[in-house]
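An overview of the molecular structure
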Amino acid sequence: MNQSVSDVISIKPSVWMVPQVEALLDLPFSDLIHRAQLIHRQYHDANAVQLSTLISVKTGGCPEDCGYCPQAARYHTSVEDQEMLSLTEVIDTARAAKAKGASRFCMGAAWRGPKQRDIGKISEMISSVKALGLETCATLGMLKPGQADQLRQAGLDYYNHNLDTAPEFYGEVITTRDYQDRLDTLDQVRAAGMNVCCGGIVGMGESRQARAGLIAQLANLNPYPDSVPINNLVQVPGTPLHGTEALDHFEFVRTIAAARITMPKAMVRLSAGRQEMSEAVQALCFLAGANSIFYGDKLLTTGNPESQRDDNLFQKLGIHSI
Ligand code: SAM
Ligand code: DTB
Ligand code: SF4
């Protein structure tokens, strides 16, 4: 082993500097996967993958300008706006997800943040889903003071709010809210006693250094997130990022491995973009330490592998769901 590889392998910093994460991403692929596997097996059942099902409870018409997002009102995509779903629709979908084996149900809304009048309806959804025996998660945008506590009281277990990318690349993607806004929402979620689900998107034209920057930001949150979704950009016609050069899949796998190494106890979620990945690439992601997926044939507005295909893949790989 050469000097730089052994240096990287021996480091377990409490604060991750961007060059240290970049050094991980630069490792020979097999060394990186080996390192990720060692950590993964120390903290997790290497053959267990957690299943979360998503539902979009309010779709499209969002005032924000996230360059990847088909739900932003200002971009002309094929997504049709949909006002808030009824409580019954949400409960029926959650019941079906549980029957198929999902353990967590995540409700997403295309908002900059919830208005106070929305919180009541969302709270009913959360408590009804929780009553089915599912873990609850919501992703509703930025939270105002007090809202995290209300969601927690309704029974919310996880709040998803992504940093999306490295600070230096962020302005290329989103201008209507800044990085600090996101960090503030995460602080409120943590202070309310909820689990933090926070990750990002790769394949948006960022550099490897920027991917390292994202991972370092996540790993340096104190404490680091309980759940870390790594999304590969789903390119949607009409969004500014449509047409971006696709990220090489090995680079995606490397990003998963870096997340696993820097955030050993977190659930690392192989998130958006699975429909464009072969089974072999997904297997590499599990090998690199991914231990959670979105399960069900739809993400929020875009496609996801059918659950039967995931069941088959798990069977081939000897993976059991949790
Ligand atoms: N509107 C809320 C917000 O942005 O905070 C919650 C929903 S938003 C759709 C949740 C996350 O989905 C985004 O932060 C982003 O990371 C991810 N996402 C959205 N569109 C995506 C796409 N086309 N490809 C990959 N990930 C995407
Ligand atoms: C996350 O990080 N990825 C999920 C979930 N959190 C809410 C959303 C992916 C959305 C992909 C594009 C769409 O389906 O609209
Ligand atoms: Fe709106 Fe969320 Fe899409 Fe950004 S990611 S445009 S905030 S729905």
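Computed from a prediction, not measured in an experiment: that's the story for all the values here.

Parameters and conventions
Residues numbered from 1 in each chain as written. Chains lettered and ligands numbered in written order. Predicted model: local features only at pLDDT ≥ 70, side-chain atom pairs only at ≥ 80, totals over all residues. Heavy atoms only, no water. Salt bridge = Lys/Arg side-chain N within 4 Å of Asp/Glu carboxyl O. Helix = DSSP H or I, 4+ residues; strand = E, 2+ residues; numbered from the N terminus. Buried < 20%, exposed > 50% of the residue type's maximum accessible area, 1.4 Å probe, protein only. Contact = heavy atoms within 4.5 Å. Core = buried A, V, L, I, M, F, W, Y, C linked by side-chain atoms within 4.5 Å. Patch = residues over 30% accessible without salt bridge, like charges linked within 9 Å, V, L, I, M, F, W, Y side chains within 5 Å. Areas by Shrake-Rupley, 256 points an atom, 1.4 Å probe, with all protein chains shown as cover. Lys, Arg positive; Asp, Glu negative; His and termini not counted. Charge placed at Lys NZ, Arg CZ, Asp CG, Glu CD. Arc of directions from axis to C-beta. Axes fitted to C-alpha atoms, helices over the stretch in contact; angles between N-to-C directions. Left-handed = near helix turned anticlockwise from the far one by under 90°. Nonpolar A, V, L, I, M, F, W, Y, C, P; charged D, E, K, R; others polar. Pairing = 2+ DSSP bridges. Right-handed = clockwise from strand over helix to strand, strands pointing away. Near = heavy atom within 4 Å. Polar contact = N/O pair within 3.5 Å; in protein donor to acceptor, adjacent residues only side chain to side chain.

1. Some thoughts on the pattern of salt bridges
- Overall, the coordinates contain 13 salt bridges when judged by the stated rule.
- Note that Arg 208 is salt-bridged to Asp 26, the shortest N-O span being 2.7 Å. Of this pair, Arg 208 sits in helix α9 (residues 208-220) while Asp 26 is found in the loop between α2 (18-25) and α3 (29-43), placing the two residues 182 residues apart along the sequence.
- We classify Arg 208 as partly exposed; its relative accessible area is 25%.
- The residue Arg 95 makes a salt bridge to Asp 92 at a minimum N-O spacing of 3.7 Å. Separated by three residues within a single helix, Arg 95 and Asp 92 lie in helix α4 (residues 87-100), roughly one turn from each other.
- Through salt bridges with shared partners, a single network forms among Asp 26, Glu 206, Arg 208, Arg 211 and Glu 251.

2. Considering the environment of Asn 304
- Among the secondary structure elements, Asn 304 is positioned in the loop between β9 (292-294) and α12 (307-317).
- The spacing of Asn 304 and Val 234 is 70 residues in sequence and 10 Å in space, taken between C-alpha atoms.
- The residues touching Asn 304, leaving out its near neighbours within four places in the chain, are Arg 274, Gln 275, Phe 294, Tyr 295, Gly 296, Asp 297, Lys 298 and Leu 299.

3. Describing the nonpolar core
- Membership of the largest hydrophobic core comes to 94 residues, with the highest contact counts inside it found for Tyr 68 and Leu 151.
- Counting residues in each nonpolar core, the second largest holds 10 residues, with Cys 137, Tyr 158, Phe 294 and Leu 299 among its members.

4. Re a positive patch on the surface
- Taken together, Lys 115, Arg 117, Lys 121 and Lys 144 make up a surface patch of like positive charges.
- Inspection of the secondary structure puts Arg 117 in helix α5 (residues 116-131).
- Judged by relative accessible area, Arg 117 falls into the exposed class, the value being 67%.

5. Some remarks on α12
- All of the buried residues along α12 are Ser 307, Asp 310, Leu 313 and Phe 314. In an axial view of α12, the angular spread of the buried residues amounts to 115 degrees, which keeps them on one side of the axis. Along α12, exposed side chains directed more than 90 degrees from the buried face belong to Gln 315 and Lys 316.
- At its buried positions, α12 is contacted by β1 (48-58), α4, α11 (279-287), β9 and β10 (320-321).

6. Regarding the packing of α3 against helix α10 (residues 249-262)
- Axis separation between α3 and α10 bottoms out at 9 Å; the angle between their running directions is 35 degrees. The two elements α3 and α10 cross, and the hand of that crossing is left-handed. Across the interface between the two elements, Phe 29, Leu 32, Ile 33, Arg 35, Ala 36, Ile 39 and His 40 from α3 touch Phe 250, Val 253, Arg 254, Ala 257, Arg 260 and Ile 261 from α10.
- Here the contact of α3 with α10 is built from residues that sort into nine nonpolar, one polar and three charged.

7. Description of the pairing of strand β2 (residues 104-109)
- The buried fraction of β2 is high, at six of six residues.
- The side-chain alternation of β2 yields two buried faces, one formed by Arg 104, Cys 106 and Gly 108 and the other by Phe 105, Met 107 and Ala 109.
- Of the strand pairs in this sheet, β1 and β2 are connected by six bridges, and their pairing is parallel. Bridging from a neighbouring strand, Leu 54 pairs with Cys 106 of β2.
- As a crossover connection, the stretch from β1 through α4 into β2 is right-handed.
- Summarising the sheet, β2 and strand β3 (residues 135-139) pair through five bridges and their orientation is parallel.

8. Points about the site of ligand 3
- The environment of ligand 3 is made up of Cys 62, Glu 64, Cys 66, Tyr 68, Cys 69, Ala 72, Ala 110, Trp 111 and Arg 177.
- Per-class residue counts for the shell around ligand 3 are seven nonpolar, no polar and two charged.

9. As for the site of ligand 1
- In the vicinity of ligand 1 there are 16 residues, among which Tyr 68, Ala 109, Asn 162, Asp 164 and Val 234 approach most closely.
- Asn 162 is positioned with one of its side-chain polar atoms (N or O) 2.9 Å from an oxygen atom of ligand 1.
- Contacts to ligand 1 include Val 234, whose backbone N or O atom sits 2.9 Å from a nitrogen atom.
- The protein chains hide 90% of the 560 Å² of surface that ligand 1 would expose on its own.
- Along the lines of polarity and charge, the residues of the shell around ligand 1 split into eight nonpolar, six polar and two charged.

10. Looking at unusual backbone geometry
- For the bond from Asn 222 to Pro 223, the omega torsion is 0 degrees, close enough to zero to count as cis.
- Here Pro 223 shows up in the loop between α9 and β7 (227-232).
- In this structure, Asp 164 is a non-glycine residue whose phi angle is positive, near 70 degrees.
- Residue position: Asp 164 is located in the loop between β4 (158-160) and α7 (167-173).

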